[in-house]
Amino acid sequence: MKNILLAVTGGIAAYKAIDLTSKLSQAGYDVRVMLTDNAQEFVTPLSFQAISRNPVYTNTFLEQNPQEIQHVALGDWADVIIVAPATANTIAKLSHGIADDMVTSTLLATETPKFIAPAMNVHMYENKRTQQNMATLSEDGYHFIEPGEGYLACGYVAKGRMEEPLQILAKVEQFINNNQLDEELDYSTFNGKNALVTAGPTIEVLDPVRYLSNRSSGKMGYALAEALAKRGANVTLVSGPTHLPQPQSKNIKLVKVQSADEMFEAVASRYEQLDIVFKAAAVSDYAPSETLNHKLKKQDGELSVTFKRTPDILKYLGEHKTHQYLVGFAAETQNIDDYAQQKLVKKNADVIIANNVGDKSIGFSSDNNDYTMHFATKDSVQLGKDTKKALADKILNELEARWQ
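Residues numbered from 1 in each chain as written. Predicted model: local features only at pLDDT ≥ 70, side-chain atom pairs only at ≥ 80, totals over all residues. Heavy atoms only, no water.

By the naming in an unreviewed UniProt entry, the chain is Coenzyme A biosynthesis bifunctional protein CoaBC, taken from Staphylococcus kloosii.

Listed below in structure tokens is the structure:
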């Protein structure tokens, strides 16, 4: 687990920092938060403490542990520091080496990688002094996350909005991945291997307006792709339509598809070059036998539509595997373990990961799930309920010890 220190300064965008804390925590990071006095005019320490489940730091002179100097120890603890939102005032103080509060003292006393997400009025942002201060910090090694354009608190519609929390998370994860901060990367079984992950739903078109699909969000497949990339794998992510941001890791190649036929072609055409496949997508089992060129008009009485079977991708992979290690998923609503073990044999898979999609607290649209791994070696491992990010790592941890 990586450690993120989030510094929140006194701008209206401080409310976004609460969401950023949540996003970082859900992604599996250990998050601690520092607040300036001005930040506390907009948000409270309790909000961040409740979400991060860690103490919140506001006072340089309030030493919670007499065995250490707090602002020095925090900088040493962190793997990455994020200043979000970063006001023009804080940027100016950092540029000139001023350390007169908890945030500036900590940043001046550490060599930990630092990200700054500015948020301010457009004229403050474009001011010559602000631009000079940012240039100075960039030369010193700070990483800037550009603000977006939109409606500002002052009433302008212009550049100055703090970047959205999901985008900040993506940029920080890209940095962590590309700089290989994972100390176990060189020792991973997956390092240098060619992996493919399918994710999300497929859609099968009936007419220009209607289609058949399912509730899959793609979150599990994307989490697996990112976890594999962190362990050094060369990952191809074949994704059906989702609302998830594109992975930022240079180790992940995203291939977008729509239908089951397109997903089958994307996987089958690459199969020979792969070492391991995770078939996490929820592929439609059936597609309309005929795709209409024009919208099907409403009519009296009932409507019958004929469907055809789509390609069974997992079965095909099992029948044609030579050296590949094949991991499938089984989303069931009853007899979960029995169906998973039957699927393991029928599909000639090495692992089937089963979950109960009838449990509305987990599964498709949730950030959480509860998995059991069933192996061709006849043993099973319960991973328990956790975030999908954490479960991705748990899955790979099990395979580290088993996959040769």
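S.K.: Help me understand the confidence of the model for the chain, please; the structure alone is not making it clear to me.
M.R.: Detailed reading of the predicted coordinates is not advisable wherever pLDDT falls low. In this model, the chain carries an average pLDDT of 88, and 94% of its residues clear a pLDDT of 70 or more. Mean pLDDT across the secondary structure elements of the chain bottoms out at strand E7 (residues 148–151), with 74, and peaks at strand E14 (residues 276–279), with 98. The low-confidence segment residues 180–186, where pLDDT is below 50, has 13 contacts with residues more than four positions distant or belonging to other chains. (pLDDT = per-residue confidence, 0-100. Helix = DSSP H or I, 4+ residues; strand = E, 2+ residues; numbered from the N terminus. Contact = heavy atoms within 4.5 Å.)

S.K.: Would you take a moment to explain the UniProt feature "active site" (unreviewed entry) in the chain for this structure?
M.R.: Look at the UniProt record and you will see "active site" (unreviewed entry) annotated at Cys-154. Its place among the elements puts Cys-154 in the loop between E7 and strand E8 (157–161). (UniProt positions renumbered as here; feature names shortened; annotations may be inferred.)

S.K.: Would you explain the sheet that holds strand E6 (residues 143–144) in this entry?
M.R.: By definition, the strands of a sheet pair up through backbone hydrogen bonds, in either a parallel or an antiparallel sense. Strand order in the open sheet formed by six strands is E3-E2-E1-E4-E5-E6, with parallel pairing between adjacent strands. In the strand order of this sheet, the two ends are held by strand E3 (56–57) and E6, each with one partner. Sheet topology places strand E1 (residues 3–8) next to strand E2 (residues 30–35); six bridges connect them, and they run parallel. Paired with Ile-4 across the strands is Val-31, a residue of E2. Against the sheet, helix H3 (residues 70–77) makes contact with E1, E2 and E3, and its axis sits at roughly 145° relative to E2, the strand it touches most. Contacts from helix H4 (residues 88–95) reach strand E4 (80–86), strand E5 (114–118) and E6, with the element oriented near 145° to E5. (Pairing = 2+ DSSP bridges. Axes fitted to C-alpha atoms, helices over the stretch in contact; angles between N-to-C directions.)

S.K.: Please explain the environment of Lys-389 as it appears in this structure.
M.R.: Within the secondary structure, Lys-389 sits in helix H13 (residues 388–402). Along the chain, Lys-389 and Glu-226 lie 163 residues apart, while their C-alpha atoms are 8.7 Å from each other. When residues no more than four places from it in sequence are discounted, the contact partners of Lys-389 are Gln-26, Ala-27, Glu-173, Ala-223 and Glu-226.

S.K.: Where do I start with the packing of H4 against helix H7 (residues 128–139) in this structure?
M.R.: Each pair of packed helices gets described by two things: the angle between the helix axes and the distance between those axes. At their nearest, the axes of H4 and H7 sit 9 Å apart, and the two run at 50° to each other. Comparing their axes, H7 and H4 come out oblique. Between H4 and H7 lies a crossing of left-handed hand. Seen from H4, the contacting residues are Ala-88, Ile-91, Ala-92, Leu-94 and Ser-95; seen from H7, they are Thr-130, Asn-133, Met-134, Thr-136 and Leu-137. Among the residues making up the contact of H4 with H7, the classes are represented as six nonpolar, four polar and no charged. (Parallel < 35°, antiparallel > 145°, perpendicular 65-115°, else oblique. Left-handed = near helix turned anticlockwise from the far one by under 90°. Nonpolar A, V, L, I, M, F, W, Y, C, P; charged D, E, K, R; others polar.)

S.K.: Can you walk me through the packing of aromatic side chains in this structure?
M.R.: The geometry of an aromatic ring pair is captured by the separation of the ring centres together with the interplanar angle, meaning the angle of the planes. In the structure shown here, the tally under the stated rule is three aromatic pairs. An angle of 75° between the planes, with centres 5.0 Å apart, marks the rings of Phe-264 and Tyr-316 as edge-to-face. Of this pair, Phe-264 sits in helix H10 (residues 260–268) while Tyr-316 sits in helix H11 (residues 313–320), and the two are 52 residues apart along the sequence. Centroid distance Phe-329 to Tyr-371: 5.7 Å. Interplanar angle 75°. Geometry classified as edge-to-face. You can see Phe-329 sitting in strand E17 (residues 325–332) and its partner Tyr-371 sitting in strand E19 (residues 368–375), a full 42 residues away along the chain. (Phe/Tyr/Trp six-rings, centres within 6.5 Å; stacked < 30°, edge-to-face > 60°.)

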